[in-house]
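Examining the three-dimensional arrangement
Below are the chains, spelled out letter by letter.
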Amino acid sequence: MSKIGEAERKAQDRVIDLLCGHKSGTLGGLGWRYLGDWQKRKGNANIEPTLLRPWLEARGYAPEVITQAITRLEREARMEGTKLYEVNQSFYDMLRYGVAIAPGPGEAPVTVRFVDWGDVGANDMGVAEEVSIKGRDAKAWNKRPDLVLYVNGIALGVVELKKSTVGVGEGIRQTLDNQRPEFIRHFFTTVQITFAGNDSEGLRYAPIQTPQPYWLAWKEEREITGPLDRDVTQMMEPARFLELIHDFTLFDAGIKKIARPNQYFAVKAAQDRVGTREGGIIWQTQGSGKSLIMVMLARWIREALPDARILIVTDRKELDGQIQDVFGNTGDKVRRARSGNDLMAALADPTDRVVCSLVHKFGKREESELAEMISEIQASQIGAPVGDFYVFIDEAHRTQSGKLARAMRQVLPSAMFIGFTGTPLLRSDKETSLETFGPYIGKPYRFDEAVEDGVVLDLRYEARDIDQRITAPGKIDAWFEAKTKGLTPVAKATLKQRWGTLQRVLSSRSRLDQIANDIILDMEMKPRLKAGMGNAMLVAGSIPEACKFFEIFSKSGSVLADKCAIVTSYKRAAPEITGEEAGMGETEKQYVHRVYTDLLGDTSEEDYEEEALRLFKKEPGRMKLLIVVSRLLTGFDAPTATYIYIDKQMRDHGLFQAICRVNRLDGDDKDFGYIVDYKDLFRNIESAVDDYTSEAFDAFDKEDVEGLITDRAEQADQDLRTARDAWLGLMDGVEQPKSDDEIYAYFSSPQGIDQDPDSEEKARRRQALYKISGRFARAYANIAAEPEGSAFNDLELDEIRREVERAIGIRDAVRLHSGDAVDMKLFEPAMRHLIDNYIRADDSEVISHLDDISLIDLVESKGADAVNDLPAMSKRKRDNVAEAIENNVRKLIIEETPVNPRFYEKMSELLTDLIRQRRDEAIAYAEYLERIAALVRDAKAGHGNEYPGTIDSAGRKALYDNLEGDETTALEVDRAVRETAPFGWRGNAMKERKVRRCLEQVLDDPETVERIFEILKNQSEY
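Let me sum up the structure you'll find in this document.

What follows concerns the overall build of the protein chain. From N to C terminus, the protein chain includes 40 helices and 23 strands. Sorting the 1022 residues of the protein chain into buried and exposed places 54% on the buried side. Within the structure as shown, the protein chain displays about 43,700 Å² of accessible surface, and the carbon and sulfur contribution to it stands at 49%.

Below is the structure:
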């Protein structure tokens, strides 16, 4: 038992007692033996031959082999003009894999292993205290680590302890000082884990040369309540200690890394699944080191199973390269497949133990590349795969990954598949993902847990609104009528449907100018941005909008003029602008092509992007802003990214992954990641964070998969029958023989709508035609993609396919014949001119005051009841305001205009209505945010109560609130508990009884004693 403020010496004695049980020098405690107090012992070193030699002799090695092996080991541990990282890495390899020693000339070498990794009990685990180490030379000072953990005489762990009233950070800094050349850096060449701890905070751990902010805390349930005692028993138990070194330590691009608890337990859970060959999905929140879980698990499988081969499918270059580098550092080369055929060749070649395939999944072109890759895999004539395969697929929640995984199952039917995701499986993803991979592996590691553990940063949110107005309604209408002269009312309505949307209004050049002005101002005002230590990302609504932003910044004359880049899925190619020239002005595709050509010249998109990302990550002062649309919103890790400006409708996976681009740790000056929202997305963010922090998605277990395929196939069959019946029913109205003439007569007005008394009825029929034919085609496509579970046979599906093709043909022909079809390319330049020139935007206004509240608090503190206090409009948790308006107006246009061409007859009225409705909703949205902020602040402050000056902590406020506002009694309880409660009293029956007795001396009523006792248990300050 520890006491607050007791001397560091007592904590050290207690840790030794936990490890060794006694100081007799024999095995005890957790399985270590006490080596002694080495403060005055001469010649202390990180390799102790007097301990190592007897252990090697006991292993049966010949004396001359042992002498050579120890000499080699000591030489490897010396620092002679090399960096500590490099020496430590080469020593680690020797420690892990052993060293080959030839007993004599011409004799076969013997592999000498210095640690028995397979049999923990066969090792000599020793603990020495107060280990005095001399500085390397006269200029260096001596140091004395509190504890050194020796395994077979080799120093693998160092521990610095402090008393409970001294922060663990002091022990961390002392350890880091020791690794400097001015002190005892040479001692740490063999050290694999460093620890610092005290009784109040427990242990922190890290590999060598880890900056203080990145030291880790262990997290594991156990009955021991004292933080230090609990962490020591969990981390320094010999099997766990050696396992962390052997299986959970990596050297990655100049940084030595050791697993965080979430990574460790994910790998352990996956190891259990490997034993039963049952696949599944590993969910670890964004930024928590998912890629390193892949590497650690793959290495373990490869070493534990001699015939195992690993196939890793990733969707981004950074991870693909990282996997190759890290595996190279662990002794295995990675074969990177470049195509479907190359992948099949790699699978057929057993010399490649690890194969990595990069699949791009951004934009239409890359989707076609994926389809081509799947086709190549399925049609490949290369030999059959060789080996026992384990397939890892990154970002498993994506549909494309599911398609690829299904294709790979055909090639590797006996492989074990593991999906990796940084997001929970939403309901829409659940079916395909669970069918493909299986249930979750281990416990999901959520966003709020990662924030609490210090793995990622919390987020702060700010909403900004830009009001807009129509400047010249008459000119809008005159322009529109002049440009659409000769179109039918339905065709005009179609054009309005395309351009009369909120998204088009919000894409006006004037509004984008205001957003750009905001960001330029922030670059000069926000400390981290101004200092050049941090930078930002801007998410645009489309590639044309991203190009407009880029042009605005480039011509701004501001700091961003030459310090921003555009990174999208766009690739310049002739097909991009083929068929675009109508002679009426520049279309959006032509505009994007021109911007990219002016920007890149002869430079390829890949080279431009690579340099932009390098600067963004490594030299943030030279690349302050990345403009993106869908690229880099998942899997892109840049600790420098601090602000994300969002001007795009987003939700669920996409939204959450996007905002997590700014939650990476990056030095003491980055406390939070900041979200600046121009699209009223708080409800979507709130919903996404709630999903990512709740347990709503944990129960996707094995039972969820059973019956899933059958249920979905039955539903797909029913959908197709319903859609087909609707199509046949519609066509029943067409007179026989239902040739082209009869079809046109039924749906169209060949002599013009003014001459046809049935024109309105025919307009209704056409709307039904367009909808029903599309629904029929989609229902058929759903079954055609997975026909195996369908009740339709091949002949029936072939007949339905012909019916669908005819339905689509009729739809397209009627649209053209009736004049409903509009050549959008012809009108695009004119409509863009209208939007850009007749809609003006005001300066932005901050409509939220949430900068002092964390995003997790916003979600967790509000509580479900708070939503009931909000206006009805605000209760729509998932429906974003702007999106709702846009959908409603589009619905009106689609459903009403064909039968009443006078509805929204004027383009100016439509645009004016859009802006007016958005303004009204923006006001309500601002009120909603203020209400949320007030609720959270009230909750954190104690439900809005005002407290006396003495009631100045969360614990005292809780007592005050629950003791009827009795200040005197609250302070008496507070004082009694603080003076009486022993360390680690929660969960210990005797200690809890002591706390209850002290309450009984202040409070008379037994029920009040019990109620206050439960409150105290939940107040961390006691």
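That shown, we press on.
In terms of residue burial, helix α6 (residues 227–235) counts as a mostly covered element, since eight of its nine residues are buried. When we look at burial in α6, the residues that qualify are P227, L228, D229, D231, V232, T233, Q234 and M235. Here the buried face of α6 lies against α1 (8–20), β6 (154–161), β7 (193–198), β8 (202–206) and α7 (238–247).

Before going further, it helps to examine the nonpolar core. Soluble globular proteins tend to bury their nonpolar side chains together. In terms of nonpolar packing, the biggest core is built from 84 residues, with F114, F195, F241 and F392 touching the most fellow members. If one sorts the elements of this core by residue count, helix α9 (residues 290–304) sits on top with eight residues. If sequence neighbours within four positions are ignored, F195 has contacts with L149, V158, V159, E160, T175, L203, R204, Y205, W215, M235, M236 and F241. Residues Y461, V567, Y570 and Y596 belong to the second largest nonpolar core, which totals 75 residues.

Positionally, D974 belongs in helix α38 (residues 967–980). Given the relative accessible area of 5%, D974 is considered buried. Setting aside chain neighbours within four positions, we find D974 in contact with R956, L959 and Y1022.

A word on the sheet that holds β8. Judged by pairing direction, the sheet is mixed, and its six strands sit side by side in the order β1-β4-β5-β6-β7-β8 without closing on themselves. Looking along the sheet, the strands with just one partner apiece sit at the ends: β1 (33–37) and β8. Ignoring which end each strand starts from, the neighbouring axes of this sheet average 20 degrees apart. Pairing analysis gives five bridges linking β6 to β7, with the strands arranged parallel. Counterpart to L161 in the pairing with β7 is G197. On the sheet, α7 packs against β4 (125–129), β5 (147–151), β6 and β7 and is oriented at approximately 130 degrees with respect to β7.

What follows covers the packing of helix α2 (residues 49–58) against helix α3 (residues 63–77). Between α2 and α3, the shortest axis-to-axis distance is 10 Å and the interhelical angle comes to 140 degrees. When the axes of α2 and α3 are compared, the pair comes out oblique. Seen from above, α2 lies across α3 with right-handed handedness. Residue-level inspection shows P49, L52, R53, L56 and E57 of α2 in contact with α3, the latter providing P63, I66, T67, I70, L73 and E74. Looking at side-chain class alone, the contact of α2 with α3 contains seven nonpolar, one polar and three charged residues.

Counting across every chain of the model gives 51 salt bridges. Between D647 and R511 there is a salt bridge, with the nearest N and O atoms lying 2.7 Å from each other. Note that D647 is positioned in the loop between β21 (641–646) and α25 (652–659) and R511 in helix α19 (residues 509–525), a separation of 136 residues in sequence. For the pair D647 and R511, one class covers both residues: buried. Between R572 and E605 there is a salt bridge, with its nearest N and O atoms 3.0 Å apart. Here E605 lies in helix α24 (residues 605–618) and R572 lies in the loop between β19 (564–567) and α22 (574–577), a separation of 33 residues in the sequence. Overall, the relative accessible area of 23% leaves R572 in the partly exposed class.

On to the environment of G98. With respect to the helices, strands and loops of the structure, G98 is situated in the loop between α4 (84–97) and β2 (99–101). Overall, G98 belongs to the buried group, its relative accessible area being 17%. Each C-alpha atom of the pair G98 and R113 lies 4.3 Å from the other, and the pair is 15 residues apart in sequence. Here G98 is in contact with D93, T111, V112 and R113, once residues within four sequence places are set aside.

Take α19 next. Between its first and last C-alpha atoms α19 spans 24 Å; for 17 residues at 1.5 Å apiece the expected length is 24 Å, and the two agree. For α19, every residue scored as buried is listed here: S510, R511, L512, Q514, I515, A516, D518, I519, I520, D522 and M523.

For the rest of this paragraph, the subject is a negative patch on the surface. Where like charges cluster on the molecular surface, the negative patch consists of E964, D966, E967 and E972. Following the sequence through the fold, E964 ends up in the loop between α37 (954–962) and α38. Look at E964 and you get exposed, because its relative accessible area is 75%.

With that out of the way, let us pick up unusual backbone geometry. The step from Q736 to P737 runs through a cis peptide bond, and the omega angle for that step is 5 degrees. Along the polypeptide, P737 turns up in the loop between α28 (708–731) and α29 (740–747). Its identity is not glycine, yet N152 carries a phi of approximately 55 degrees, on the positive side. Tracing the chain through its elements places N152 in the loop between β5 and β6. A positive phi angle, near 60 degrees, is found at K738, a position not held by glycine. Within the secondary structure, K738 is located in the loop between α28 and α29.

The rules behind the values
- Numbering of residues starts from 1 in every chain and runs along the sequence as written.
- Predicted model: local features are reported for residues with pLDDT of at least 70 only, side-chain atom pairs are reported and counted for 80 or more only, and whole-chain, interface and lining totals are derived from all residues.
- Processing note: side-chain calculations cover all non-hydrogen atoms of the structure and skip hydrogens and water entirely.
- Think of it this way: any DSSP run of H or I at least four residues long counts as a helix, any run of E at least two long counts as a strand, and we number them from the N terminus.
- The cut-offs for exposure are 20% and 50% of the maximum accessible area for each residue type, with area from a 1.4 Å probe on protein chains only; residues under the lower value are buried, those over the upper are exposed, and the others partly exposed.
- All accessibility values rest on the Shrake-Rupley procedure with a 1.4 Å probe; residue burial counts only the protein chains present in the view.
- Contact definition: two residues touch when any of their heavy atoms are within 4.5 Å.
- Residue types Ala, Val, Leu, Ile, Met, Phe, Trp, Tyr and Cys, when buried and joined through side-chain atoms within 4.5 Å, form a set referred to as a nonpolar core.
- Paired strands are those between which DSSP finds at least two bridges.
- Fitted lines through C-alpha atoms serve as axes, helices being fitted only where they are in contact, and the angles separating the N-to-C directions of these axes extend from 0 to 180 degrees.
- Working definition: roughly parallel below 35 degrees, roughly antiparallel above 145 degrees, roughly perpendicular at 65 to 115 degrees, and oblique for all remaining angles.
- Left-handed is the label given to a crossing in which the near helix is rotated counterclockwise from the far helix by less than a right angle, and right-handed is the label when the rotation is clockwise.
- Amino acids are sorted into nonpolar (Ala, Val, Leu, Ile, Met, Phe, Trp, Tyr, Cys and Pro), charged (Asp, Glu, Lys and Arg) and polar (every other residue, Gly among them).
- When a carboxyl oxygen of Asp or Glu is within 4 Å of a side-chain nitrogen of Lys or Arg, the pair counts as a salt bridge.
- Take the residue count of a helix, subtract one, and multiply by 1.5 Å to get its expected span.
- Surface patches are defined over residues having more than 30% relative accessible area and no salt bridge, joining like charges when they lie within 9 Å and nonpolar side chains (Val, Leu, Ile, Met, Phe, Trp, Tyr) when within 5 Å.
- We score Asp and Glu as negative and Lys and Arg as positive, and we do not count His or the chain ends.
- Where a charge lies is defined by one atom per residue type: Lys uses NZ, Arg uses CZ, Asp uses CG and Glu uses CD.

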